Amino acid sequence: MIFITAKFRVRPEHADRWPEITADFTRATRAEPGCLWFDWSRSVAEPTEYVLVEAFRDDEAGAAHVQSEHFKAAQQTLPPHLAETPRIVNATIPQDDWALLGEMAVPGHE
């Protein structure tokens, strides 16, 4: 799978509304057949920073995502709300779902 983590530093005046601002983009991306997950989290240390954790089935699904109309729309609508260019880590890994964190296993809940 293609595993991506991106950090978005949002302008302070837009930070509380970021989930609403990205709602259409998020909904459309999650509906893509090759999207495994697309999840936003807000930093507890920096309230203007959101972290996006996303995964796509394979290279073709990743390419379809960046070529989609909703991605192209997001390229136009999201940057005015940002304080800086987002930072990203993008890797291809040989799995298709989250693995268990064995070092913190919860007995009876594997």
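Everything below is about the structure shown above.
Summarised in this report is the structure supplied together with it. Since we're looking at a predicted model, the values are computed, not measured. (Residues numbered from 1 in each chain as written. Predicted model: local features only at pLDDT ≥ 70, side-chain atom pairs only at ≥ 80, totals over all residues. Heavy atoms only, no water.)

## Comments concerning the pattern of salt bridges
The tally for this structure, following the rule as stated, stands at 11 salt bridges. Between Arg 9 and Glu 46 there is a salt bridge whose closest N-O contact spans 3.9 Å. Pair noted here: Arg 9 is in strand E1 (residues 2-9) and Glu 46 is in the loop between strand E2 (35-42) and strand E3 (49-56), with a separation of 37 residues, a long-range link. Overall, the relative accessible area of 22% leaves Arg 9 in the partly exposed class. Between Asp 16 and Arg 42 there is a salt bridge whose closest N-O contact spans 2.9 Å. With Asp 16 in the loop between E1 and helix H1 (18-21) and Arg 42 in strand E2, this pair connects stretches of sequence that are 26 residues apart. A relative accessible area of 34% places Arg 42 in the partly exposed class. Among the ionic contacts, a cluster of salt bridges with common partners joins Arg 9, Glu 46, Glu 49, Glu 84 and Arg 87. (Salt bridge = Lys/Arg side-chain N within 4 Å of Asp/Glu carboxyl O. Helix = DSSP H or I, 4+ residues; strand = E, 2+ residues; numbered from the N terminus. Buried < 20%, exposed > 50% of the residue type's maximum accessible area, 1.4 Å probe, protein only.)

## A closer look at the pairing of E1
The side-chain alternation of E1 yields one buried face, formed by Ile 2, Ile 4, Ala 6 and Phe 8, and one unburied face, formed by Phe 3, Thr 5, Lys 7 and Arg 9. Bridge analysis of E1 against E3 gives eight bridges, and the strand direction is antiparallel. For Arg 9, the partnering residue across the bridge sits in E3 and is Glu 49. As paired strands, E1 and strand E4 (residues 87-92) are joined by six bridges and run antiparallel to one another. Bridge pairing in E4 links Thr 5 to Val 89. (Pairing = 2+ DSSP bridges.)

## Here's the deal with the sheet that holds E1
Pairing is antiparallel across the open sheet formed by four strands, whose spatial order is E2-E3-E1-E4. Either end of the sheet is taken by a strand with one partner, and the two such strands are E2 and E4. In this sheet, neighbouring strand axes are inclined to one another by 10° on average, regardless of whether the strands run parallel or antiparallel. Two elements, E2 and E3, share seven bridges in a ladder whose sense is antiparallel. Bridging from a neighbouring strand, Ser 41 pairs with Val 51 of E3. Packing of helix H2 (residues 23-30) onto the sheet brings it into contact with E2 and E3, and relative to E2 it is tilted by some 155°. The strands touched by helix H3 (residues 59-67) within the sheet are E1, E2, E3 and E4, with E3 carrying the most contacts at an inclination of about 130°. (Axes fitted to C-alpha atoms, helices over the stretch in contact; angles between N-to-C directions. Contact = heavy atoms within 4.5 Å.)

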